[in-house]
Amino acid sequence: MSNLVAREAPDFKAVAVMPDNGFEENFTLSALRGRYVVLFFYPLDFTFVCPSEIIAFDQALPDFEARECQVIGVSVDSPFTHLAWKKTPVDKGGIGQIRYPLLSDLKKTIADSYGILHEDGVALRGLFLIDKEGIVKHSLVNDMALGRSIPEALRMVDALQFHEARGEVCPANWSEGEEGVTTSAEGVSGYLARHFG
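Residues numbered from 1 in each chain as written. Predicted model: local features only at pLDDT ≥ 70, side-chain atom pairs only at ≥ 80, totals over all residues. Heavy atoms only, no water.

1. Points about the packing of aromatic side chains
Any two aromatic rings considered together are summarised by their centre-to-centre distance and by the angle between their planes. Definition in use: Centres within 6.5 Å are what make two rings of Phe, Tyr or Trp a pair, Trp counting through its six-membered ring; a difference in plane orientation under 30 degrees is then read as stacked, over 60 as edge-to-face, and the rest as tilted. Classification of residues uses two cut-offs on accessible area relative to the type maximum, computed with a 1.4 Å probe and protein chains only: under 20% is buried, over 50% is exposed, and between them is partly exposed.
In total, this model carries twelve aromatic pairs according to the counting rule given. Relative to Phe64, the ring of Phe57 has its centre 5.9 Å away and its plane inclined at 40 degrees; by these criteria the two rings are tilted. In this structure Phe64 comes out as buried when scored by relative accessible area, which is 0%. In this structure an aromatic cluster arises from ring pairing among Phe40, Tyr42, Phe46, Phe57, Phe64, Trp85 and Tyr100.

So this is what it looks like as structure tokens:
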């Protein structure tokens, strides 16, 4: 598995099931330049951990949108399976009418290009934060049994935007509203003295 952080995110063209349940035949990552993107992979539709993550991302979607961040989900399922899962009520094991695109990676080329294709032929739980220029700024990969933290994904978007806006870096456990660190010896020592001294 190669590390994509600080590199250009691999572009792709895929069929996406859109929020209105229509199919977009040629959904590309490059069309989203100028926006932040959280691209997350999950193993399979109609499974167990996956719907909890997908629904949690949907519940937090207004928070991502307020940060000009597009959320995209990807699995190796067909677009028809995605649509069937969306049309299945949550209390019957479905995900309901989520409001962001779900991409079909039937040929497994997207998962492979991001280095997260498992030997079983499904994607690991990979998450990639991509900046407005198409550069991967953060990645996280979990095994299939371990669900991700959506608040942590939002925190990373905040950290990236804070760094871009202020030029300061974000120390351990940083969250929105807290101070950053200037990249100087005095800035670091002052921060450490205030928080760890």
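2. Some remarks on the nonpolar core
Selection criterion: Only buried residues count toward a nonpolar core, which is a set of Ala, Val, Leu, Ile, Met, Phe, Trp, Tyr and Cys residues joined through side-chain atoms within 4.5 Å. Helix and strand definitions follow DSSP, with helices as H or I runs of at least four residues and strands as E runs of at least two, each counted in order from the N terminus. Contacts are assigned to residue pairs that have any heavy atoms within 4.5 Å of one another.
Counting 25 residues, the largest nonpolar core has Val38, Phe40, Ile54, Phe57, Phe64 and Tyr100 as its most contacted members. For this core, the elements supplying multiple residues, two or more each, are β3 (36-41), α1 (49-59), α2 (61-66), β4 (69-75), β6 (125-130) and α5 (150-166). Here this core takes six residues from α5, the largest share from any one element. Discounting residues that sit within four places of it in the chain, Phe57 has contacts with Val38, Phe40, Phe64, Val71, Tyr100, Leu127, Ile150 and Ala153. With 24 residues, the next largest nonpolar core counts Met18, Leu39, Leu103 and Ile116 among its residues.

3. Observations concerning the environment of Pro79
Mapped onto the secondary structure, Pro79 falls in helix α3 (residues 79-86). According to the relative accessible area criterion, Pro79 is buried, its value standing at 10%. Between the C-alpha atoms of Pro79 and Glu133, which are 54 residues apart in sequence, the distance is 28 Å. Leaving out residues up to four positions away in the same chain, Pro79 has contacts with Val15, Val17, Phe23 and Ser104.

4. Let's talk about the side chain of Asp105
Note the threshold: Neither His nor the chain termini are counted; the positive set is Lys and Arg, and the negative set is Asp and Glu. Here a salt bridge means any side-chain nitrogen of Lys or Arg lying within 4 Å of a carboxyl oxygen belonging to Asp or Glu.
The topology assignment puts Asp105 in the loop between β5 (102-104) and α4 (109-113). An unpaired buried charge is present at Asp105: no salt bridge exists, and Lys108, the closest side chain of opposite charge, is 8.7 Å distant. With sequence-adjacent residues up to four places away left out, Asp105 is seen in contact with Val74, Ser75, Val76, Asp77, Ile110 and Ala111.

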